[in-house]
Amino acid sequence: MTDLVKVVATTANELLTHIEISEEGLPHLVTDTAPEVSIIRLMDAGCYGDAVKLLAAGLPKREAVWWACLSTRDIQGPQTDENNIKALNAAESWVKNPSEERRLICKQMGEATKHKTPASWAATAASWCHGSLAGPDEPAIEPPHHLYAHAVAGSVSLAAVINDPVNPSDSFKRYLQQGLNLARGGNGKSD
């Protein structure tokens with residue numbers, strides 16, 4: 001039994017179809033049980049990047065993008081450039097109202113920030129949740145249903161490393177707790 005009410009997958013194996021787990025993380029997976037078991041085991045083993053990937057794959061799209069926004073907001077400060085501020089604002093706006101217009105703004109901001117920052121990946125995650133990957137005058141290409149999770153995992157993991165490049169463990173733990181809170185139906189801001 002699990003209390004991750006927002007995670008629809010009943011086993012970790014269902015989430016592993018489109019993500020890769022590191023060699024260090026593989027022994028900690030229990031694929032035939034609720035994803036929460038593997039996520040906690042990966043966290044306990046210090047395989048934080050793998051835990052982030054698994055949780056990102058399990059969260060619904062809006063909650064996952066919000067998780068990326070929370071970790072990105074944590075590392076933004078006075079030094080953050082205007083495009084990254086706009087990228088994060090666009091992703092947050094999409095979470096509140098996931099319209100096509102807002103998705104296109106997220107796509108534009110992800111490209112403007114060159115997919116190099118947590119804010120860029122948060123915006124890109126939102127842009128990969130629905131709509132088309134193609135340009136405006138090209139035939140529509142629907143994004144694979146799991147693609148957003150890769151951008152979310154990149155955003156959260158990059159934020160943790162930027163927050164503390166020497167020892168990102170505490171940042172990873174805090175961000176994973178936010179993600180687990182979201183998976184439990186919370187707002188990601190408190191336990």
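Given the structure is predicted, the values throughout are model-derived calculations rather than measurements. Positions within a chain are numbered from 1, following the residues in the order the chain's sequence is written. Where local features are concerned, this predicted model is filtered to residues with pLDDT of at least 70; where side-chain atom pairs are given and counted, the filter is 80 or more; whole-chain, interface and lining totals use all residues. Side-chain metrics in this entry use all non-hydrogen atoms of the structure; hydrogen atoms and water are not considered.

Scanning the protein chain from N- to C-terminus turns up nine helices and zero strands. Both definitions apply: the radius of gyration is a C-alpha atom measure, and the globule rule equals 2.2 Å times residues to the power 0.38. Its C-alpha radius of gyration of 16 Å places the protein chain within 12% of the 16 Å reference for a compact globule of 191 residues. A principal-axis box enclosing the C-alpha atoms of the protein chain has dimensions of 45 × 40 × 30 Å. Each residue is assigned to one of three classes by its accessible area relative to the maximum for its type, calculated with a 1.4 Å probe on protein chains only: buried under 20%, partly exposed between the two thresholds, exposed over 50%. Across the 191 residues that make up the protein chain, the buried fraction comes to 49%. For the purpose of counting charges, residues Lys and Arg are taken to be positive, whereas Asp and Glu are taken to be negative. His and the chain ends are not included. Throughout, a charge is located at the NZ atom of Lys, the CZ atom of Arg, the CG atom of Asp or the CD atom of Glu. Distance between charge centres in the protein chain, computed from 17 positive and 23 negative side chains, equals 6 Å. Labels follow the DSSP assignment, with helices taken as runs of H or I lasting at least four residues and strands as runs of E lasting at least two, numbered in each case from the N terminus.

Further remarks concern the nonpolar core. Taken as a class, soluble globular proteins show a tendency for nonpolar side chains to be buried jointly. By nonpolar core we mean a set of buried residues, namely Ala, Val, Leu, Ile, Met, Phe, Trp, Tyr and Cys, connected to one another through side-chain atoms within 4.5 Å. Grouped together as the largest cluster of nonpolar side chains are 56 residues, with contacts concentrated most on Ile39, Leu54, Leu55, Val65, Trp67, Val152 and Leu176. Among the elements of the structure, α2 (35-44), α3 (48-58), α4 (61-75), α5 (82-96), α6 (100-112), α7 (118-127), α8 (147-163) and α9 (169-183) are those that each provide at least two residues to this core. Residue contacts are defined here by distance: any two heavy atoms, one from each residue, within 4.5 Å place the two residues in contact. Leaving out residues up to four positions away in the same chain, Leu55 has contacts with Ile39, Trp67, Leu176, Gly179, Leu180 and Ala183.

Secondary-structure assignment places Gln76 in the loop between α4 and α5. Discounting chain neighbours no more than four positions away, the residues touching Gln76 are Asn84, Ile85, Leu88 and Ala119.

This part is about the environment of Arg41. Within the secondary structure, Arg41 sits in helix α2. As for Arg41 and Gly25, which are separated by 16 residues in sequence, their C-alpha atoms are 9.0 Å apart. When near neighbours in sequence (up to four residues on either side) are disregarded, Arg41 contacts Pro27, His28 and Val30.

Between α4 and α9, whose axes approach to 10 Å, the crossing angle comes to 150°. By the angle class used here, α4 and α9 are roughly antiparallel. Viewed along their axes, α4 and α9 form a crossing whose handedness is right-handed. Packed against α4, whose contacting residues are Glu63, Trp66, Trp67, Leu70, Ser71, Asp74 and Ile75, the element α9 presents Arg174, Tyr175, Leu176, Gln178, Gly179 and Leu182 at the interface. Note on residue categories: nonpolar means Ala, Val, Leu, Ile, Met, Phe, Trp, Tyr, Cys or Pro, charged means Asp, Glu, Lys or Arg, and polar means any other residue, Gly included. Grouping the constituent residues of the contact of α4 with α9 by class yields seven nonpolar, three polar and three charged. Interaxial angles span 0 to 180 degrees and are taken between N-to-C directions of axes, which are lines fitted to C-alpha atoms, for helices over the stretch in contact. Comment on the angle field: the value is read as roughly parallel under 35 degrees, roughly antiparallel over 145, roughly perpendicular from 65 to 115, and oblique elsewhere. In this scheme, a crossing is called left-handed if the near helix is turned counterclockwise away from the far one by less than a right angle; it is called right-handed if the turn is clockwise.

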